[in-house]
Amino acid sequence: MENQQQNMTGSWQLNCPVSIPAETDCVTLAHGEGGRLSRKLIQERIISALKNEFLETADDAARLPRLEGPLALTTDSFVVSPLFFPGGDIGSLAIYGTVNDLAVNGARPLWLTLSLILEEGFPLVVLDRVLLSLAEAARSTAVKIVAGDTKVVPRGAADGLFINTAGAGELIEPVPPGPAFLKEGDELVVSGPIGQHGMAVLAAREQLQFDPLPQSDCGSLLNSVTQLRERIGDRICCLRDATRGGVAAVLQEWAESSGLTLSIDERAIPVTSGVRGMSELLGLDPLHIANEGTMLIAVREGAGQEAVSVLQSLSETADARVIGSVKTRGLVPVTVKRTLGPEQPLHDPLGSPLPRIC
Amino acid sequence: MKYLDEYRDPAAAVRLLDEIRRVSTRCWTLMEVCGGQTHSLLRHGIAAELEGTVELIHGPGCPVCVTDQADIDFACQLAKRSDVIVTSFGDMLRVPGSQGSLLEARARGGEVKIVYSPLDAVELARRHPEKQVVFFAVGFETTAPATALAVMQAAQDQLANFSLIVSHVRVQPAMESLVESPEHRVQAFLAAGHVCTVMGYESYDQFVERYQLPVVVTGFEPLDLLEGILACVRQLEAGETRLENCYSRAVQLAGNQSAQDLVQEVYQIADCRWRGFGFIPSGGLSLQEKWQQFDARVRFPDCGLPVIANSECRSYEVMTGQIKPPECPRFGKQCTPETPLGAPMVSSEGACAAYYRYAGV
């Protein structure tokens, strides 16, 4: 009380409501108002991190060259919490997520747009770290960020940083026909251990002390999809990165599109010991947990092992396995064979035990 | 994975299954008490493999399922207050009270948080002195030591903004109430391994003596369960009624003394209302007089609500073994995990949810 009074009477601080400090270390509402600070943020931090010929013109729209093949277009928003987690961060996630969506749909990813929604007070050094990671992911997948937008919302209206990326790519023939064209006998392949991303984010968010700590699989599928298509392209029916809802959600969607039953064998599915331990402890099923660099591939009968050999020759998909096959429609759309006993139905995950994982 | 794979070995499981079939001269009716065991039996296909040899009745052992609706309604009422943060374990959030679940309360603006340990709720109270943090303490004797520790920690830190809704339940009185009922068909019990890890199993001596039923302390992995079942069947075939421990790698006769001390320091045995069962004498725990300041019901005396019971749910018959979940006319139709009529369809350890997820194709 004494101190307070002293402050009130003993010292006057001039706080002009319109003045802006010359340098701030965090995002302010002024950064989003289109003035000098907005320009400074965009020029000195964003464009300088993502440098390319399209961004340098700084027009409101990117003018892109004509393509030979048809265009594929996708968009995704990223709200993961925490922003940094073992194996990745929101920046790399925002690039790989969109690149993977294009790649598994048969396109060569080319251009991305980038929208940042920043919360007032967000530290600029953290923004720099995210942009650095974003730039590195874009460079490694040879995509260019050609347009973007930045908005700042008042403190409390967002959680630090939200990102949206849209991506465009050129479809490369032969484009996999898609899950509606699945046939009885087709084989199902998973490109690596499942459930790593969801578990890594959960462990980081809740500060769960697991040893080993699960690492996110956050990464690009572009190389493995390209290799797979070059080698057995005509025998691939469909590919999908198994993000939210995990492998179970992809299988459900494919079963629905094809009207067939998809059967998998739990014992064939690669799961790291970290993910398995966490699943057992928390009562979660790795089949329901999100991935960010692991895909499911359906290939024609007899091509499963060949797909696995191609994938296993690449370091990022060294643990690929055939996990099941497509059957005539039974009573349920997706079945799983577990340790003992008969096949069981595999349901969609219900609600999410792990909110905001991507 | 160590301590998992060796207890899930399919070849060993097949040997145990064969042995159970070989020893049985008739179909015996066993009850597994714990919801974790129910899930393991269905997930690993054991219940289906033993059809005709052993009938497994899925007991009341999911604490989330038996939590009184009045407690859930009370928690939801508290969540509506702008000065309160309600915390609990993830499962509890989805269970409907008579007027919605905590998850719905959160969607309508209430502050409801999942915690992984009761001590996280204490930490939350420490960080938010401007809020009242209420921990919804559910669970059997296995979780009670951790919530007791949270109360003691809050007292030590002199936190005036932390309190508990105590919904702890005790296994043995429920088993007693079950076998006292004239409709019961149980011939032997698989006792819940995790509860025995904390409480030991000495107290089952009297139970076995009094009701003349075999009790076998059993674990959760497929081989643990099969060994427990085999031990029950052997006793039944030999006309014996004994207390046996088939989970000795985790359970000792006297249990975990320091955990029991914590519970005794903070709680006292109390009569308790179990959802689906009704009133069970000595069926739960309540805070002792000296810890009353941490009782949310004392701190918020005006937040109770009358309970509107749902008469369509037949969970009592499921939990007492009178019907199997699929025999309920609403199972899988009006009642699914997305639209549960009763708690056993909601909780990840509930018998109805287990059937919905794992019942054979």
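Residues numbered from 1 in each chain as written. Chains lettered and ligands numbered in written order. Predicted model: local features only at pLDDT ≥ 70, side-chain atom pairs only at ≥ 80, totals over all residues.

Side note on the overall build of chain A
- When helices and strands are tallied, chain A shows 10 helices and 13 strands.
- If you line up chain A on its principal axes, its C-alpha atoms span 80 × 55 × 35 Å.
- Counting only residues that meet the buried cut, chain A has 44% of its 358 residues in that class. (Helix = DSSP H or I, 4+ residues; strand = E, 2+ residues; numbered from the N terminus. Buried ≥ 20, exposed ≤ 12 C-beta atoms within 10 Å, placed from the backbone.)

Brief notes about the overall build of chain B
- When you go through chain B residue by residue, the secondary structure sums to 16 helices and 11 strands.
- Its C-alpha atoms give chain B a radius of gyration of 21 Å, near enough to 21 Å, the size a compact globule of 361 residues would have.
- Taken along the three principal axes of its C-alpha coordinates, chain B extends 65 × 45 × 45 Å.
- By residue count, 54% of the 361 residues in chain B fall in the buried class.
- Contacts in chain B between residues far apart in sequence, at least 24 positions, make up 77% of those at least 6 positions apart. (Rg over C-alpha atoms; globule rule 2.2 N^0.38 Å. Contact = placed C-beta atoms within 7 Å.)

Overview of the sheet that holds strand β13 (residues 344-345) of chain A
Residues and elements named next belong to chain A.
- If you trace the 7 strands from one edge of the open sheet to the other, you get β8-β10-β7-β11-β9-β12-β13, paired in mixed fashion. Looking at the sheet topology across the chains shown, the edges are occupied by β8 (236-241) and β13.
- Pairing geometry for strand β9 (residues 261-265) and strand β11 (residues 321-327), over 4 bridges, is antiparallel. Looking at β11, one finds that Ile264 is bridged to Gly324.
- Along the sheet, helix α4 (residues 90-104) makes contact with β8 and β10 (295-299), crossing β8 at roughly 170°.
- In the packing of helix α7 (residues 222-232) onto the sheet, the strands contacted are β8 and β10, and the crossing angle to β8 comes to about 175°. (Pairing = 2+ DSSP bridges. Axes fitted to C-alpha atoms, helices over the stretch in contact; angles between N-to-C directions.)

A look at the interface of chain B and chain A
- Listed as interface residues are 22 residues of chain B and, on the opposing side, 23 residues of chain A.
- For the side of chain B that touches chain A, the secondary structure elements donating two or more residues are α1 (10-23), α3 (46-49) and α16 (351-358) of chain B.
- At 3 residues, the largest contribution of residues to the side of chain B that touches chain A is made by α3(B).
- A per-class count over the side of chain B that touches chain A returns 11 nonpolar, 5 polar and 6 charged. (Nonpolar A, V, L, I, M, F, W, Y, C, P; charged D, E, K, R; others polar.)

A word on the packing of α4(A) against helix α5 (residues 124-140) of chain A
Residues and elements named next belong to chain A.
- Running from N to C, α4 and α5 point in directions that differ by 30°, and their axes come no closer than 7 Å. As summarised for this structure, α4 and α5 are arranged roughly parallel, according to the angle between their axes. Our pair here, α4 against α5, has a crossing hand that is right-handed. Contacts between α4 and α5 involve Ile90, Gly91, Ser92, Ala94, Ile95 and Tyr96 on the former and, on the latter, Val130, Leu131, Ser133, Leu134, Ala137 and Ala138.
- Across the contact of α4 with α5, the residue classes tally to 9 nonpolar, 3 polar and no charged. (Parallel < 35°, antiparallel > 145°, perpendicular 65-115°, else oblique. Left-handed = near helix turned anticlockwise from the far one by under 90°.)

Considering the environment of Ser313(A)
- Mapped onto the elements of the fold, Ser313(A) is located in the loop between α10 (304-312) and β11.
- Counting along the chain gives 86 residues from Ser313(A) to Gln227(A), while the straight-line C-alpha distance between them is 9.9 Å.

Section: the nonpolar core
- Grouped together as the largest cluster of nonpolar side chains are 118 residues, with contacts concentrated most on Ala75(B), Val86(B), Leu102(B), Phe189(B) and Ala191(B).
- The biggest single contributor to this core is helix α12 (residues 222-238) of chain B, with 8 residues.
- In this structure Ala75(B) touches Val86(B), Leu102(B), Phe136(B) and Ile165(B), once residues within four positions along its chain are discounted.
- Core analysis: the next-biggest nonpolar cluster, separate from the first, contains 92 residues, Leu50(A), Val201(A), Val225(A) and Cys237(A) among them. (Core = buried A, V, L, I, M, F, W, Y, C linked by C-beta atoms within 7 Å.)

A closer look at helix α2 (residues 35-43) of chain B
All names here are of chain B.
- Burial analysis of α2 places 9 of its 9 residues in the buried class, the great majority of the element.
- Listed in full, the buried residues belonging to α2 are Gly35, Gly36, Gln37, Thr38, His39, Ser40, Leu41, Leu42 and Arg43.
- A positive backbone phi angle near 75° is found at Gly45, which sits one or two residues after α2.

Considerations on unusual backbone geometry
- Residues Glu173(A) and Pro174(A) are joined by a peptide bond in cis, for which omega reads -5°.
- Structurally, Pro174(A) can be placed in the loop between β6 (161-171) and β7 (187-190).
- Cis geometry marks the peptide bond from Asp211(A) to Pro212(A), where omega comes out at 0°.
- Of note, Pro212(A) is situated in the loop between α6 (196-206) and α7.
- Of note, Gln207(A) is a non-glycine position whose phi angle comes to about 50°, a positive value.
- Relative to the helices and strands, Gln207(A) resides in the loop between α6 and α7.
- Located in the positive-phi region is Ser282(B), a residue other than glycine, with phi close to 60°.
- Here Ser282(B) shows up in strand β11 (residues 278-287).
- Accessibility expressed as a C-beta count within 10 Å gives 15 for Ser282(B), which makes it partly exposed.

A word on the pairing of β7(A)
Residues and elements named next belong to chain A.
- Every second residue of β7 is oriented toward a common face, with Glu187 and Val189 on one face and Leu188 and Val190 on the other, all of them buried.
- Sheet analysis places β7 next to β10, joined by 4 bridges and oriented antiparallel. In the strand pairing of β10, Leu188 is matched with Ala298.
- Examined bridge by bridge, β7 and β11 share 4 bridges and lie antiparallel to one another. Bridging from a neighbouring strand, Leu188 pairs with Gly324 of β11.

Concerning the sheet that holds strand β5 (residues 144-153) of chain A
Residue and element names in this part refer to chain A.
- The 4 strands lie next to each other as β1-β6-β4-β5, forming an open sheet whose pairing is mixed. Each edge of the sheet is formed by a strand with only one pairing partner; in this case those strands are β1 (71-78) and β5. Direction aside, neighbouring strands of the sheet carry axes that sit 15° apart on average.
- Bridging between strand β4 (residues 107-119) and β5 involves 9 bridges; their strand directions are parallel. Bridged to Ser115 within β5 is Asp149.

What about the confidence of the model for chain A?
- A residue-level look at chain A finds 91% of positions with pLDDT of 70 or above and a mean pLDDT of 90.
- This model gives residues 1-13 of chain A a pLDDT under 50, and the stretch forms 0 contacts once residues within four places in sequence are excluded. (pLDDT = per-residue confidence, 0-100.)

With respect to the packing of α7(A) against α10(A)
Residue and element names in this part refer to chain A.
- At a closest axis distance of 10 Å, the pairing of α7 and α10 adopts a crossing angle of 135°. The angle between α7 and α10 falls in the class oblique. In the packing of α7 onto α10, the handedness of the crossing is right-handed. Seen from α7, the contacting residues are Ser224, Gln227, Leu228, Arg231 and Ile232; seen from α10, they are Glu306, Ala307, Val310 and Leu311.
- Here the contact of α7 with α10 is composed, by residue class, of 5 nonpolar, 2 polar and 2 charged.

Describing the pairing of strand β8 (residues 215-218) of chain B
Residues and elements named next belong to chain B.
- Burial along β8 is two-sided: the residues Val215 and Val217 and Val216 and Thr218 are all buried.
- Across 3 bridges, β8 lies against strand β9 (residues 243-245) in parallel orientation. Within β9, the residue paired with Val216 across the bridge is Glu244.
- Between the parallel elements β8 and β9, the chain passes through α12 in a crossover that is left-handed. (Right-handed = clockwise from strand over helix to strand, strands pointing away.)

Regarding the confidence of the model for chain B
- Taken residue by residue, chain B gives an average pLDDT of 90. The fraction at 70 or more is 96%.
- Scored as a complex, the prediction yields pTM 0.83 and ipTM 0.74.

Quick notes on the environment of Glu130(B)
All names here are of chain B.
- With respect to the helices, strands and loops of the structure, Glu130 is situated in the loop between α7 (118-127) and β5 (132-139).
- For Glu130, a count of 6 C-beta atoms within 10 Å gives the class exposed.
- The spacing of Glu130 and Asn161 is 31 residues in sequence and 8.1 Å in space, taken between C-alpha atoms.

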